[in-house]
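Coordinate analysis (summary)
Next come the chains, spelled out residue by residue.
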Amino acid sequence: MEKEIFDHGLNLNRRHFLSKLSLGLGSAALGSLLIPDLFTGNSLGKNDDLRKGLPHFAPKAKRVIYLFQNGAPSQLESFDFKPKLRDLWGQELPESIRQGQRLTGMTASQNSFPMVGSFCDFQQYGQARAWVSSLFPHTAKIVDDICIIKSMHTEAINHDPALTFFQTGAQQGNRPSMGSWLSYGLGSENNNLPAFTVLLSKGKGNGQGVYAKLWSNGFLPSAHQGVQFSNGEDPVLYLSDQEGMSKADRRKMLDNLAALNHHAYEKIGDLEIQAKVAQYELAYRMQTAVPEATDLSKEPDSVFEMYGEDSRKPGTFAANCLLARKLSESGVRFVQLYHQGWDQHGNLPNEMTVQAKDVDQASAALVKDLKQRGLLDETLVIWGGEFGRTNYSQGQLTQDNYGRDHHPRCFSIWMAGGGIKPGIVYGATDDLGYNITENPVHVHDFQATVLHQLGLDHERLTYRHLGRKFRLTDVSGRVIKDLLV
C-alpha cells in the first residue's frame, strides 16, 4: 500500500512539475542537453570502471570541429587529380579495374560505364606539391596547414548507411555518435555549455537529408546527445523562460523538481532521472551562456571579410563556420557541421561549382582564424563526406556535362590542427581513380585516429550494453601513426 501511495504521488507531482517546466524549456530540447560532471563518482554503476583514468594519455587536441560535406563531394573534382581520365574520355571502364565491384541501383542497369576526366583545372600547391582543383582556390592557399588523405574507403554505398557509419561506427543506427562518445569520455570544458553541438546548413546543389539519429546518444546516457543550434532568434529552442516567469521562480521550480527526482532516484535507481535533473540545470545556466557564445555582432569586419559575405547571413555554411569557432573557443568539445548539397549524379560541372563556392572560403578561413588565435594546435578540424564518386559517368555523357555515382572504394578528406601533420598528402589511388594503391584508411581507422588525438584509446573507450562492451570503432580500427606529429 505504501508503495502504491508513493507511486501515485510521484506520478502526480512529476506531471505537475514537468508540465510547468515544459512551458518554459520544452522537454524535447532539454532531452539533448549536457552536464559535464553528471556521470562521476559512483553514479556510473556498471560502466564506472570503464571511464576511470580518462583521458588515457596526454591529448594533442582538446576539441573537434567537423565540417561534414553531406552528399559526398567528388574527389576527382577536388583533391585527386587524374589526367589519364581525360585522355580516356568516353572509353569503357576496364573490367580489370572494376573487378566486379558493387554498384548502386542507379547505375547497375547501365549498359556502358564511360570514363570521364574532371572539367576542372588542377595545380600543385605547398611544400608537398598537393594537387588542388580550381574549385577550391582558398583551400589551395592553406595546403601547408592541412593533411589531405586520398585513400579513405568504406563499405557503405548509399548515403544514409554511409553517413551513419562515419558518425556512429555502424551503418544501422541506434549507436552513439562520435560527439557523444567524446562527451561521455571527456565531458565539456565549459560547465555552462554542452560538450556536443550540431549546426546545419544547405548548399545550392542536390541535397541529402540529415537526421537526429546522427547526433544521438544511442545507448549512452541521454545527457550525451548533441544539442542542435538553430539559425533563428533563439539558437537553442525553448531555452528562454516563458513571459512572466522570473529567474527566482525558475530557480525555485528547479530546486523543487530536483528534490522530487532525487527521491524518485533513491526508490527506483534509474540513472536517467539524474540525467534529466542535470539537463534542466544546464539549461538554466545556458540561458546566460548561449546568447554570449553565439553573438557574432562583436566580430570585426575583417573577420567577416575573411569568412566571406555569407558569414553575415545566419544559417549559411560560412556563418556556421564562424559560429563553430566561437563555440569551440568557448569550450564546446565537439562541434558538428552538416552542409547538404553534394550529391551530383548529374549536372556535376554546374552544381559542384556553386556548391564548392559555398564552402571553400569559409573552410579555409576557419583554419586561418584558429591559427592566428593560437587555437589550431589544440583544435582538430575535419573536412569531408561519406564516400567518393565514380570515375565513370552516370547517365548521358556529353562534352560539357556528366554526373558521378557513389563510390566507396576511394575518396579524399582533409584534416588540420590537433596534432595532425600539416602540409602532407597521404595515400594514393590508381591512375583511373578507382582503387587505392597506397596506405588505405578505413572509416574505423579514421575514428581511432581522431579519438587518439584527444587522448582516448579507441579500444578502451567502451560502454557495456546488451551484455557486451561497445565502442565507436566496433571490433576494428587502427591509429594511423603516419598522420601524427
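What comes next is a walk through the structure. (Residues numbered from 1 in each chain as written. Predicted model: local features only at pLDDT ≥ 70, side-chain atom pairs only at ≥ 80, totals over all residues. Heavy atoms only, no water.)

**Re the packing of aromatic side chains**
Note on aromatic pairs: each is described by the distance of the centres and the angle between the planes. All told, the structure shown has 21 aromatic pairs when counted by the stated rule. Ring geometry for Trp181 and Tyr184: centres 6.0 Å apart, planes at 75 degrees, overall edge-to-face. Separated by three residues within a single helix, Trp181 and Tyr184 lie in helix H7 (residues 178-186), roughly one turn from each other. Across from the ring centre of Phe113, 5.5 Å away, lies the NZ or CZ of Arg98, which sits over that ring. Its guanidinium or amino end placed over the ring of Phe470, Arg468 lies 3.9 Å from that ring's centre, counting from NZ or CZ. (Phe/Tyr/Trp six-rings, centres within 6.5 Å; stacked < 30°, edge-to-face > 60°. Helix = DSSP H or I, 4+ residues; strand = E, 2+ residues; numbered from the N terminus. Lys NZ or Arg CZ within 6 Å of the ring centre and 35° of its normal.)

**A word on the pairing of strand S8 (residues 379-384)**
Of all six residues in S8, six are buried, a share of seventy percent or more. With burial as the criterion, each face of S8 is covered, one bearing Thr379, Val381 and Trp383 and the other bearing Leu380, Ile382 and Gly384. Bridge analysis of strand S1 (residues 63-70) against S8 gives six bridges, and the strand direction is parallel. Paired with Ile65 across the two strands is Val381, which belongs to S8. (Buried < 20%, exposed > 50% of the residue type's maximum accessible area, 1.4 Å probe, protein only. Pairing = 2+ DSSP bridges.)

**Quick notes on unusual backbone geometry**
The phi angle of most residues is negative, glycine excepted, and most peptide bonds adopt the trans form. Non-glycine residue Gln99 carries a positive phi angle of around 55 degrees. Within the secondary structure, Gln99 sits in the loop between helix H4 (95-98) and strand S2 (122-125). Among the residues examined, Gln99 registers a relative accessible area of 55% and is labelled exposed.

**Let's talk about H7**
Counting buried positions along H7 yields nine of nine residues, so the element is predominantly enclosed. All of the buried residues in H7 are Met178, Gly179, Ser180, Trp181, Leu182, Ser183, Tyr184, Gly185 and Leu186. Just past H7, the residue Gly187 takes up positive phi, approximately 70 degrees.

**Quick word on the packing of helix H6 (residues 159-168) against helix H13 (residues 443-453)**
Running from amino to carboxyl end, H6 crosses H13 at an angle of 30 degrees, the nearest separation of the two axes being 9 Å. Put simply, H6 runs roughly parallel to H13. Contacts from Phe165, Phe166 and Thr168 in H6 reach Val443, His444, Phe446 and Gln447 in H13. Residues that form the contact of H6 with H13 fall into these classes: four nonpolar, three polar and no charged. (Axes fitted to C-alpha atoms, helices over the stretch in contact; angles between N-to-C directions. Parallel < 35°, antiparallel > 145°, perpendicular 65-115°, else oblique. Contact = heavy atoms within 4.5 Å. Nonpolar A, V, L, I, M, F, W, Y, C, P; charged D, E, K, R; others polar.)

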